[in-house]
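# Understanding the architecture of this molecule
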Amino acid sequence: MSLKHVLFIDSFAGSFFNFLINFILLKLVGDEVVVTYGLAMTYSLVITSFLRMILFQPFNVLYINVDGALNEFFFAFITYFFAALFILILFYFISPGFLSFYLLLTVFSYIAIHEFYRLALIGLGLPYLILFSPFIICFYLLLSVVNSLFDFDTFLFLMAVCSAFELFCFMVVSFFKAGGMNVYNLSLDTFLDRYFDFYNLKSRLLSSLLQLSIVHLPFVFISFFLASNLASSVFIFRSLFQPVQIVIKTLDTLKSKMISGAKDKKKFVGDNIRVFILSSLLIGLLCFFSGFLILYNFFDYEIDFYLISSLICWFFVFVFMSLIRPVEFFQVYLSRYRGMNFSYFLALIVLLMSLGFIYFFDCYKFISFAIMLSWFSLAIFQLNWLRFVKC
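Residues numbered from 1 in each chain as written. Predicted model: local features only at pLDDT ≥ 70, side-chain atom pairs only at ≥ 80, totals over all residues. Heavy atoms only, no water.

Looking now at the nonpolar core. Soluble globular proteins tend to bury their nonpolar side chains together. Core analysis: the biggest nonpolar cluster contains 142 residues, and Tyr37, Leu141, Phe155 and Phe241 have the highest contact counts within it. Among the elements that make up this core, the one with the highest residue count is helix H12 (residues 305-334) (17 residues). With residues up to four places along the chain from it excluded, the contact list for Tyr37 reads Phe17, Asn18, Ile21, Asn22, Leu25, Leu103, Val107, Phe152 and Phe155. (Core = buried A, V, L, I, M, F, W, Y, C linked by side-chain atoms within 4.5 Å. Buried < 20%, exposed > 50% of the residue type's maximum accessible area, 1.4 Å probe, protein only. Helix = DSSP H or I, 4+ residues; strand = E, 2+ residues; numbered from the N terminus. Contact = heavy atoms within 4.5 Å.)

This next bit is on helix H11 (residues 265-298). Across its 34 residues, H11 extends 47 Å between first and last C-alpha, which sits within 8% of the 50 Å expected from 1.5 Å per residue. Downstream of H11 by a residue or two, Asp300 has a phi angle that is positive, lying close to 55°. (Expected span 1.5 Å × (residues − 1).)

Attention now moves to the pattern of salt bridges. For the structure on display, the rule yields five salt bridges. The residue Arg325 makes a salt bridge to Asp252 at a minimum N-O spacing of 3.0 Å. Here Arg325 is found in helix H12, whereas its partner Asp252 is found in helix H10 (residues 242-256), with 73 residues between them in sequence. Across the pair Glu328 and Arg325 runs a salt bridge, and its minimum N-O distance is 2.1 Å. Within this pair, Glu328 and its partner Arg325 are both found in helix H12, separated by three residues, close to a single helical turn. Since its relative accessible area comes to 2%, Glu328 is described here as buried. (Salt bridge = Lys/Arg side-chain N within 4 Å of Asp/Glu carboxyl O.)

Mapped onto the elements, Ser109 comes out in helix H4 (residues 101-124). The class for Ser109 is buried, based on a relative accessible area of 12%. When sequence neighbours within four positions are dropped, the list of residues in contact with Ser109 reads Phe81, His114 and Ser163.

In contact at an axis separation of 12 Å, helix H1 (residues 3-29) and H4 are set at 170° when each is read in the N-to-C sense. In terms of orientation, H1 and H4 fall into the roughly antiparallel class. Across the interface between the two elements, Leu3, Leu7, Asp10, Ser11 and Phe17 from H1 touch Tyr110, His114, Arg118 and Ile122 from H4. In terms of residue class, the contact of H1 with H4 is made up of five nonpolar, two polar and two charged. (Axes fitted to C-alpha atoms, helices over the stretch in contact; angles between N-to-C directions. Parallel < 35°, antiparallel > 145°, perpendicular 65-115°, else oblique. Nonpolar A, V, L, I, M, F, W, Y, C, P; charged D, E, K, R; others polar.)

With that out of the way, let us pick up helix H5 (residues 132-147). With 16 residues, H5 extends 23 Å from end C-alpha to end C-alpha; this agrees with the ideal 22 Å at 1.5 Å per step. Looking at H5, one finds that the buried residues are Ser133, Pro134, Ile137, Cys138, Tyr140, Leu141 and Ser144. Relative to the axis of H5, the buried residues are bounded by an arc of 160° and lie together on one face. Turned more than 90 degrees off the buried face of H5, the exposed positions are Phe139 and Val146. Where H5 terminates, the next one or two residues include Ser148, which has phi positive at roughly 55°. (Arc of directions from axis to C-beta.)

Predicted confidence across the chain gives a mean pLDDT of 82, with 90% of residues reaching 70 or more. Per-element confidence in the chain ranges from a low mean pLDDT of 55 for helix H7 (residues 188-195) to a high of 94 for helix H14 (residues 367-388). (pLDDT = per-residue confidence, 0-100.)

The next thing to look at is the packing of aromatic side chains. Enumeration over the complete set of coordinates arrives at 33 aromatic pairs. A ring pair is formed by Tyr92 and Phe93, whose centres lie 5.4 Å apart and whose planes are at 65°; its orientation type is edge-to-face. Taken together, a centroid distance of 6.1 Å and an interplanar angle of 70° make the contact between Phe330 and Trp385 edge-to-face. Placement of the pair is Phe330 in helix H12 and Trp385 in helix H14, with a sequence separation of 55 residues. The buried category is assigned to Phe330, whose relative accessible area is 0%. Exposure remark for Trp385: the relative accessible area of 15% places this residue in the buried category. In this structure, Arg238 packs its charged tip against the face of Phe219, placed 4.1 Å from the ring centre. Its end group placed over the ring of Tyr306, Lys365 keeps NZ or CZ at 5.6 Å from the ring centre. (Phe/Tyr/Trp six-rings, centres within 6.5 Å; stacked < 30°, edge-to-face > 60°. Lys NZ or Arg CZ within 6 Å of the ring centre and 35° of its normal.)

Here you go:
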């Protein structure tokens, strides 16, 4: 099985279980639990976005094929993981009372550890081992759908067990493939230069902060200000288009490693933009029509302006999201974080203005349009950067 097939299956399984859990909660438990799980997932993705920008993406783009880089990557992950727990605690205390810390910790641990595990196993040359945990969780959820015997606590326990298993499996595999992860083999200068250099760290943290604001701020907003039925519908709309995210994530992992070998890097990025857009358009249209049928036939959603317009908006959100990914890994490769940060800052202003308009004029049903508008703005700003950049 080739690497691209493994990555696609892993992304599909992860998105499929997130899709399933949202629909199981909506069907068998209720709107309130959908919002609770959605908020925990949002907070977890916020923190993982920091890890992705300052740790996962640099390792994948720059160091994954470098001898000895895995040792530094492991200890950097452990350091940042425990630092992230303090942010997690802060999020818990500023959240509504219905959010459980156990839920928040379990969801975050699974997402962060699986992301690390995926890249580490690719570096060790054994990517197929990353498929075990997503398959186990999907299998449990499918059994729950068939038997209508879903238990939320059992689901969370299974996620915690899978996280522990992946860390254990990594330690075992790394021992036999790379002699284990040994702090005494750590090159401190290399370790600090790659993952704790102040200039790069500052730029990456700012990029992460701006990125997560665009991606996740709307979901924090709806969890606090929207009624549970409206809030849960937005989380469901996002879940319907998760297959597009599968394609984006898989292509990003594969293509970002190839840019260093491209002779004309700007042309390479342009070609990949077309690949990303075409892929997202095809999968997005499939998600749009299948999602419409699912909501209408199984969840009794009314065919009205809100449903149709929201699905159209989310279709374009993921198209714009796929468009900017090749530009972003080009910016990371060139360490041009200033251009990336400026684009995200301008898009964040558009988002804040849109959310402010929605809040003051009490037009919460336009939240999906506000999200789409911010991603459209970001796509325009990033393409404009690509047009004028010199490399």
